[in-house]
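Examination of the molecular architecture
The lines below spell out each chain.
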Amino acid sequence: MLRRFDSLLLILDLTGIVVFALEGAMAAIVAGIDIFGVMVLAFATALGGGIVRDVLIGETPPASLRDWRYPCAAFVAGGLAFLFFSVARQLPPLLLTTLDAAGLALFAIAGTEKALDKGISGFVAVLLGTITGVGGGTIRDVLLMQIPAVLRVDVYATAALAGSAAMAVGIRLGLPRWAASALALVLCFGLRMIAVAEHWNLPRLTVS
Amino acid sequence: MLRRFDSLLLILDLTGIVVFALEGAMAAIVAGIDIFGVMVLAFATALGGGIVRDVLIGETPPASLRDWRYPCAAFVAGGLAFLFFSVARQLPPLLLTTLDAAGLALFAIAGTEKALDKGISGFVAVLLGTITGVGGGTIRDVLLMQIPAVLRVDVYATAALAGSAAMAVGIRLGLPRWAASALALVLCFGLRMIAVAEHWNLPRLTVS
Amino acid sequence: MLRRFDSLLLILDLTGIVVFALEGAMAAIVAGIDIFGVMVLAFATALGGGIVRDVLIGETPPASLRDWRYPCAAFVAGGLAFLFFSVARQLPPLLLTTLDAAGLALFAIAGTEKALDKGISGFVAVLLGTITGVGGGTIRDVLLMQIPAVLRVDVYATAALAGSAAMAVGIRLGLPRWAASALALVLCFGLRMIAVAEHWNLPRLTVS
């Protein structure tokens, strides 16, 4: 049972990496960047959040640099995005949004779990989970000279934060790990999808 | 006596965090960013410099992620800036400049002291102190797609460098820690304030 | 023999730092930045790549912060660029390109070697070598609000990657270290210079 759960986690992790790498690669292609730069952005978008988290919790080299499957998954996804861009760009936006919300939820919850495992306090583990979810996209946006999505897009990092918090609270309440993960994933994913569907906005001030 | 000095240091540290968080939050609000992004920038501006320093000296997780009071102080300051923005923006610019100079001095000197405590050589401790002082603002500017203040603003990082150097020299000369700290704080703060008042400029070349 | 080889390595390392620091300083001067900012960019360009690599492999404080000769070399080069800018800007572009290609090769191969020494797998050591080569320039470009060269310039990071890979393969095949280094340096340097001379471009997609 445990082993099956671990395999499931690996598959979910690799899925998140592939989704984020595809997004990073497509952003690079749209910006007119060459194939090598596309690979750089696929790598940075998919693995940047986890690398920042691992550096912050002192786990070096970061997991995604110790296990060759992680960078490989990112590069393969980047290459596929380049080869089949004419197909990829015709995917319905809703599919992309859905995949992205799934990747965000997977990364945020996995990041929170890993921080808790290292004995980091719940409050900070939630921050680290959020960083894991949004870090890669932030690095991608900075490299492409855009204000990061985490500052622009409503209810994006908020969803990651909510999922991370649910995970930390669930573990604290003694829920089994799979139950806490499942609840947190559903919360983060659902919040993000509903926010998109309903055009939710967070409050902001108008400065005259 | 020691305990009283430690409490004083904590208060000074939290003061610096609150000041920098307010600045980060106000920059975000002016840029039209939502409440969550305001909190992100408050956090990054207030704690970014110290986090970079701690990662560089290998103290992970960074102090500001191990002690929940630090992120809390940043978030509370960010929230207050959002709630009372119409008041905050009417504060006289000189007050903001003064608070910022105080925060810069506190962070630079505390960063130098921490690096020296870890047995790092004086020359490098001065660099790390300067990074502690200007790092948070640099991250804020990069996220908001602005050329960082450290490259634009005259006698800003220079003041942090001077204060850090004074701290390192004072400790090397055998001054008591509180005396070296006080001298260095006054030097950094004074240099920055005089530079603002006198419109000091560092030399730059005109490229035709 | 070994000692002579070590001295050679130190000289090559410092040469790479001086070249990259000059480039960073000149980019800052052209952008109209004051003398302190020029030093910041000289430091970041010359030492940024190695610092990121050391943080990622968990060697903190990074080598270039433990040995005062490295930052000193960067600052001296930055100061010279400022003092003699009118001379430096008249250097033939081909000389600058040649020096830059040499610096890129030196940093990438030294970075790969260091990662292999820490017991990191070949695939990841190649990534870390590439990051060492292009990291400093990337930080410089982000601070100056430009899309990083690694995403814009054809066959730049590619050359670093090829050199790093040649180094890792050579070591794996049991070549003596000096032979593997020499081959990898020639490959990276040659690839970059030929790409410039022949105006090689990597494939990119046109998005209508």
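This text goes with the structure placed above it.
Just so you know, these numbers come straight off a predicted model, no measurement behind them.

**Quick look at the interface of chain B and chain A**
Counting residues at the interface gives 28 residues for chain B, matched by 29 residues for chain A. Carbon and sulfur atoms supply 78% of the area buried between chain B and chain A, which totals about 2300 Å² over both sides. Contact with chain A buries area across many residues of chain B, yet B:Asp34, B:Phe36 and B:Met145 alone supply 27% of it, more than any other trio. Linking chain B to chain A there are zero salt bridges. There are zero residue pairs in polar contact (both at pLDDT 80 or more) connecting chain B and chain A. At the level of secondary structure, the elements contributing two or more residues to the side of chain B that touches chain A comprise helix 1 (2-30), helix 2 (35-56), helix 4 (69-83) and helix 7 (122-143) of chain B. The leading source of residues in the side of chain B that touches chain A is helix 2 of chain B, at eight residues. Per-class residue counts for the side of chain B that touches chain A are 23 nonpolar, three polar and two charged.

**Considerations on the interface of chain C and chain B**
Each partner contributes to the interface: chain C provides 28 residues, whereas chain B provides 29 residues. Contact between chain C and chain B buries roughly 2300 Å² in total, counting both sides, with carbon and sulfur atoms accounting for 78%. Our count for the chain C to chain B interface comes out at zero salt bridges. Counting across the chain C and chain B interface gives zero residue pairs in polar contact (both at pLDDT 80 or more).

**Observations concerning the side chain of C:Arg140**
Residue and element names in this part refer to chain C. Note that arginine 140 resides in helix 7 (residues 122-143). On the basis of relative accessibility, which here comes to 12%, the residue arginine 140 falls in the buried class. In this structure arginine 140 touches Glu23, Gly24, Ala27, Leu41 and Thr45, once residues within four positions along its chain are discounted.

**Examining the packing of aromatic side chains**
Considering all chains together, one arrives at nine aromatic pairs over all chains under this definition. Seen from their ring centres, A:Phe43 and A:Phe75 are 5.6 Å apart, and the 15 degrees between their planes marks the pair as stacked. A residue pair is termed long-range when its members are at least 10 positions apart, and A:Phe43 in helix 2 (residues 35-56) and A:Phe75 in helix 4 (residues 69-83) qualify at 32 residues. As far as burial versus exposure is concerned, A:Phe43 and A:Phe75 are alike and both buried. For the pair B:Phe20 and B:Phe107, a centre-to-centre distance of 4.8 Å together with 40 degrees between the ring planes defines the contact as tilted. Pair noted here: B:Phe20 is in helix 1 and B:Phe107 is in helix 6 (residues 93-117), with a separation of 87 residues, a long-range link.

**Focus on the relation of the copies chain B and chain A**
With an axial shift of 0.0 Å and an RMSD of 0.0 Å, the rotation relating chain B to chain A amounts to 120 degrees. Look at the turn and shift together and you get a three-fold axis relating the two. Ranked by how close their C-alpha atoms come to the rotation axis, the residues of chain B are headed by B:Met145, at 3.9 Å. Of the interface residues in chain B, just 11% have counterparts in chain A that sit at the interface too, so the contact is made through distinct surfaces.

Basis of the calculations
Residues numbered from 1 in each chain as written. Chains lettered and ligands numbered in written order. Predicted model: local features only at pLDDT ≥ 70, side-chain atom pairs only at ≥ 80, totals over all residues. Heavy atoms only, no water. Contact = heavy atoms within 4.5 Å. Buried area = accessible area lost by both parts, 1.4 Å probe. Salt bridge = Lys/Arg side-chain N within 4 Å of Asp/Glu carboxyl O. Polar contact = N/O pair within 3.5 Å; in protein donor to acceptor, adjacent residues only side chain to side chain. Helix = DSSP H or I, 4+ residues; strand = E, 2+ residues; numbered from the N terminus. Nonpolar A, V, L, I, M, F, W, Y, C, P; charged D, E, K, R; others polar. Buried < 20%, exposed > 50% of the residue type's maximum accessible area, 1.4 Å probe, protein only. Phe/Tyr/Trp six-rings, centres within 6.5 Å; stacked < 30°, edge-to-face > 60°. Least-squares fit on C-alpha atoms with pLDDT ≥ 70 in both.

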